[in-house]
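The primary structure of each chain is shown beneath.
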Amino acid sequence: MIKAILIFNNHGKPRLIRFYQYFAEDMQQQIIRETFHLVSKRDDNVCNFLEGGSLIGGSDYKLIYRHYATLYFVFCVDSSESELGILDLIQVFVETLDKCFENVCELDLIFHMDKVHYILQEVVMGGMVLETNMNEIIAQVEVQNRLEKSESLPFILH
Amino acid sequence: MALKIVKGSIDRMFDKNLQDLVRGIRNHKEDEAKYISTCIDEIKQELKQDNIAVKANAVCKLTYLQMLGYDVSWAAFNIVEVMSSSKFTYKRIGYLAASQCFHESTDVIMLTTNQIRKDLSSPNQYDTGVALTGLSCFVTPDLARDLANDIMTLMSHTKPYIRKKAVLIMYKVFLKYPESLRPAFPRLKEKLEDPDPGVQSAAVNVICELARRNPKNYLSLAPLFFKLMTSSTNNWVLIKIIKLFGALTPLEPRLGKKLIEPLTNLIHRIYLFFSQILHHLSAITLVCFSWLIAFLFFITVLISLSSGMPNHSASIQLCVQKLRILIEDSDQNLKYLGLLAMSKILKTHPKSVQSHKDLILQCLDDKDESIRLRALDLLYGMVSKKNLMEIVKKLMLHVDKAEGTTYRDELLTKIIDICSQSNYQYITNFEWYISILVELTRLEGTRHGHLIASQMLDVAIRVKAIRVFAVAQMATLLDNAHMLTGNTQRNGICEVLYAAAWICGEFSEHLENPMETLEAMLRPKVATLPGHIQAVYVQNAAKLFATVLKSQEGNTDSTTAQEASQLMIDRLPLFVQSANLEVQERASCILQLVKYIQKLQQKDVEVSEEVCALFAGELNPVAPKAQKKVPIPDGLDLDAWINEPPSESESEDEQPKAIFSKEEPKHSRPRHTEVDEKELARRREARKQEQANNPFYIKASPSSQKVYQETPGVEHIPVVQIDLSVPLKVPGLPMSDQYVKLEEERRQKERAEKKKKDKKKRKEKRSGRGKKHDSGPESEEDITPAHMVDIVTEEMPENALPSDDDERDPADPHKALDIDLDKPLADSEKLPVRSHRAAEVLKSPAEDEEGENVSSLEPKKKSSKEKREKKKDKDKDRKVKMLFESGLSEAKSSKHKKKKQKREKEDKEKKKKKKHHHHHHHHGDKGGEESVQNGTVEEEEPLPAYDIQGNLQDGSQVVVSVIFENKCDSFLKSMEFNVLDSLNSKLQRPEGSGPHDSLTIPFQLPPGVSNEARFVFTVQSIIMPQKLKGTLTFIVKNEESSTHEKLDFKLHFTCTSYLITTPCYSDAFAKLLESGDLKSSSIRLEGVNMPFHHLLARICFHHHFSVVERIDSCASMYSRSIQGHHVCLLVKISSQTVSVDAKCDEPTLLGNVLDEIKQTFSQC
């Protein structure tokens, strides 16, 4: 199970947070701060796995993260997930974002947090991996975007 | 109306949308909070408008603010409004906001049930999808119960997009509403073979999550998963399945063997997949480490399977070697995963990992903390008597070097864990350990003072031989207390003083100079310590005082004793003024005592003996679980009312009376407690909330780091070199290294001596035996402890109940999901459906039918099938019973005949098992029954039948007594008994042996001799009869040869055997029948030709019943199962027809017992 997905930038500013277990808002911010603290002090050439992080769970949980340019993508998962598998999932997610936003950069995430959420919803649902096939994910996202567009046609036409 | 819409959309043009909000926040970097608060005000205005578009826009902005840490729960109702919009665009916004900020205690969730149900059955698949996604984040037990049926219907939706989401969300539903698991499971299983790979993957995902916590319930799915594994093309599914098999193989060893081949074929695929992932991450070319990855995967697989396969140590050895190469690799991810895999091997094959100690120790120097922590974890399992000191020495070096308190604290706890594991098994020299603990107290800013303290106490209390040394060390520690308390920031470590003071006081007879220590304990600086430590100081100062007096006993010069009293009287007032009540109380009490003693001293009265008597007696360590294990004495029912509970009838009718009689204590009490409980729960919740909201509550640990670094070092603590020849009386703080050296010398000496002895032996006896000792380096057993150490075991109450069930966390939601899934569904197990409005629910007829199929038709089919099987089994069983009668002598002659299976089986049976009944003494006519007894194969007996004390409490144990009779003329020896465990029943094997090891029978059988052996089984469910297959292997020895023979048998656990004869009085019996909790059933026996009292005796004897009452040709009988089910019978006879009406609170059990009764009478 995935317990949380966090995206923040090199300064620890959250760009997307998705908790699959309830934490109050201030606790969420604590977790983001702590996770940022843990992740940011690590060199780029160390491993992508991190144990500990007292806030988010016991010894069964670990943080699996990747650093892309200005953004950190952090997944907090339990032992039922394969470490390398989650690394792949992050890659799939980022590549999907890249396709959907056409050369994604931090600004896309800043201004379209809702869209990023909708894409993530097609990848992970309630903490469980829903789809890993990028084409399938993109197809579903696009259909829903078209649906949205058709609804926002001027009201006069109705 | 149209105007309104136009107006609304014009309004909207002036509203900020999400992008504007973000831009605004970025433009107001200086006064962000202020800007956001004005935005929130705007949003509140927008939410008040009727236009749903405006509302949705506002909610979208709120979702963004939520991410920044603003509580938006006040808008929960508006979010529900947006969720219920008919437009997908707004609905999606609403559900997103809900999934981000709703949780179980959000009260508006109650309002969403119908909306969600409507969305789930929406013709637009994306409406349904959005609802499912949202629901997966905020599903509550109520929602789960109300919607379980709707979601289950969606699992058969025509669109795979919906199917996969519905399948996945079922896991969340199971967690919140465990009752849904059994009804939904058949369909979930179906989805494993769904044509869509996404749905299949979701089903695998859910079952893997379920099976991870309760693997044994899913063992029956193994063949299906096996098929999936060989056919699936999805790497994700493969990884999940392999993980699942990892959990299943320990339960079913045959799986492991079967898996090896297909897995080897899969490796190439998985390796390509993994190497792609790593390729993204690492600059190294693919070829360079591709084979490493292949091995990594192979190893992970092997490890997960190895636990079920004992004879794979060679391949494990190979794995470990390859892992070594991985760990030595420069790629950090590989290194980490290598170590992770290593720790998995360690659990099953510790020996093979231990040889790579050097590598693991190297990893402790790695720059990456994750890798260091992994290595630490491994070290824990690698220590032995031989290398403990060395490893700990290395760790101590790291403690000194370590930066950052987290890692250092981790090191500290690991050192203590390593040393104290399995009851200090690996410590040969406790002096060394104490000095390690003392060294650890010098650690700056650790949070684990308490841990060190408890270790000191534990060792000093339990290892008697070490007390002299420990006391000396603790006295020095107390003397140097200012070093530990110098800085208020270092409060964590001053916990150690608690232990030091207590040890010095309690074992003060070992102190060299108690007077000095007493002085150290009464220094004014002590008053700055935390209250609970001061309290211990005061109490133990009194103990020390007593020791001083005692040591001065008989001494004509009483100045020391008087000095001691004076010291106490001078210093104690400081503690009397303490703000801490405990300290105050103890100090004033002791002060008065000392004052009195001083008076007596001045009169030259001997007081030491009386003072010492105050602290006489030894304190024994008590096991932490001792309290829980105190058995409940016979006749004490903790659930019974002490006073009669208030009857419900008196509530309204008697109210007028209450005016006169004022108070009715009976009435008010329970009501009062109820309020109390609610109140308590509320307060608890409030406290939790407060703690969660209080930033200081959590912040404390990580932020303190900086402060510590500024504190001065502790290098100037006086460290006195030890005189090596007299290690026991070391003044000052010794370095543990000295002990390492000492220990090595000692071991060398011992080894040398041993060699000498060996040589002598070899000279005397030139046999090959001596070689063993010489060949390898010293083995574990060779190392003797430095001095004889008697580790006192912790005390347990007498008659402590052996129970292992306290391991699991009761709060774990998966505990509720430990449900037997193979049992057919009962009619009562249906998901709640809204019945009276069923017509409204849109369902295609096909789906409808299918739904019924799952919930009602299938189980019926199954149960009838099962019945047939049962019948077959019974027939077979009767055969087996006879087979067991046949003598051993026949055996050999026809061993090779294989044509007719039945006959072969018959011949193979060489053993005669006889029912040996422990209830003989309950019944009169033993002789008559004996002959029938011989007919039964197996014997099950609830354990407590013999035991005087624990009986029904051991509801899961059954003892099988087997009589082995040798009917041939050869000698039988090395008999081994083994049973293939089923999910429900397991043979109890001695600790340390695997789940499939056989038990050695502790006797041999000369010709014509019989003997009895007893085996204990644990049984979970007792409501169904069970058969266990087993084998008995033995060696048949006669004069010329000895042959190895095998005998297969079956143990039949009838339901009757779970019943215990329990007497029951007729009034209690009547009450039981009236209670209405019992289900009834009945049978008829025709053509019974025996006197009624024989019939009853037979039921009593064979089925463990007792007669409650008998009137003419009618009798009531009672029995109770080991798990406390009541079984009541009413037996009537009229002209050869016996009718048995029975009642029991477990219908399945009852049915089976009745079947067995019927069978007993059909046999005669």
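None of these values were measured; they are calculated from a predicted model.

Chemist: Can you walk me through a negative patch on the surface in this structure?
Modeler: Residue and element names in this part refer to chain B. Residues E553, D604, E606, E609 and E610 make up a contiguous surface patch of negative charge. Inspection of the secondary structure puts E609 in helix α33 (residues 608-613). Given a relative accessible area of 60%, E609 falls into the exposed group.

Chemist: Would you take a moment to explain the sheet that holds strand β3 (residues 49-51) of chain A for this structure?
Modeler: All names here are of chain A. Ordered by their spatial adjacency, five strands build an open sheet running β2-β1-β5-β4-β3, and the pairing between neighbours is antiparallel. Two strands bound the open sheet, and with one partner strand each, they are β2 (14-19) and β3. Adjacent strand axes in the sheet meet at a mean angle of 20°, parallel and antiparallel pairs treated alike. Relative to strand β5 (residues 71-77), strand β1 (residues 2-9) runs antiparallel, the two sharing seven bridges. From the neighbouring strand, I5 faces β5, where its bridge partner is F75.

Chemist: Looking at this structure, how should I read helix α30 (residues 531-551) of chain B?
Modeler: Since the α-helix advances by 3.6 residues per turn, residues separated by three or four positions end up pointing in the same direction. Spanning 21 residues, α30 of chain B covers 30 Å between terminal C-alpha atoms, matching the ideal 30 Å at 1.5 Å per step. With 17 of its 21 residues buried, α30 of chain B lies for the most part within the structure.

Chemist: Just to check I follow, could you spell out unusual backbone geometry for this structure?
Modeler: If a residue is not glycine, its phi is most likely negative; likewise, a peptide bond is most likely trans. All names here are of chain B. One non-glycine residue with positive phi stands out, namely D1112, at about 50°. Judged by its relative accessible area of 65%, D1112 falls in the exposed class. Even without glycine at this site, Q1136 takes up a positive phi of about 70°. Here Q1136 shows up in the loop between β13 (1126-1134) and β14 (1137-1144).

Chemist: Where do I start with the side chain of S1119 of chain B in this structure?
Modeler: Residues and elements named next belong to chain B. Turning to its location among the elements, S1119 is positioned in strand β12 (residues 1114-1121). Polar side-chain contacts of S1119 include one of 2.8 Å to the backbone oxygen of H1104. If sequence neighbours within four positions are ignored, S1119 has contacts with L1059, I1060, T1061, H1103, H1104, F1105, H1125, H1126 and V1127.

Chemist: Can you walk me through the nonpolar core in this structure?
Modeler: Within soluble globular proteins, side chains that are nonpolar generally end up buried alongside one another. I2 of chain A together with Y433, M456 and Y537 of chain B are the most contacted members of the largest nonpolar core, which has 153 residues in total. Ranked by the residues each element gives to this core, the list is headed by α30 of chain B, at 12 residues. Sequence-distant contacts of I2 of chain A, that is, excluding residues within four places in its chain, are made with Y20, F75, C76, V77, E81, I86, L89, V124, G127 and V129 of chain A. Of all hydrophobic cores here, the second largest spans 126 residues; its members include F8 of chain A together with V22, Y35 and L181 of chain B.

Scoring rules and cut-offs
- Residues numbered from 1 in each chain as written.
- Chains lettered and ligands numbered in written order.
- Predicted model: local features only at pLDDT ≥ 70, side-chain atom pairs only at ≥ 80, totals over all residues.
- Heavy atoms only, no water.
- Patch = residues over 30% accessible without salt bridge, like charges linked within 9 Å, V, L, I, M, F, W, Y side chains within 5 Å.
- Areas by Shrake-Rupley, 256 points an atom, 1.4 Å probe, with all protein chains shown as cover.
- Salt bridge = Lys/Arg side-chain N within 4 Å of Asp/Glu carboxyl O.
- Lys, Arg positive; Asp, Glu negative; His and termini not counted.
- Charge placed at Lys NZ, Arg CZ, Asp CG, Glu CD.
- Helix = DSSP H or I, 4+ residues; strand = E, 2+ residues; numbered from the N terminus.
- Buried < 20%, exposed > 50% of the residue type's maximum accessible area, 1.4 Å probe, protein only.
- Pairing = 2+ DSSP bridges.
- Axes fitted to C-alpha atoms, helices over the stretch in contact; angles between N-to-C directions.
- Expected span 1.5 Å × (residues − 1).
- Polar contact = N/O pair within 3.5 Å; in protein donor to acceptor, adjacent residues only side chain to side chain.
- Contact = heavy atoms within 4.5 Å.
- Core = buried A, V, L, I, M, F, W, Y, C linked by side-chain atoms within 4.5 Å.

This is a description of form; function is not addressed.
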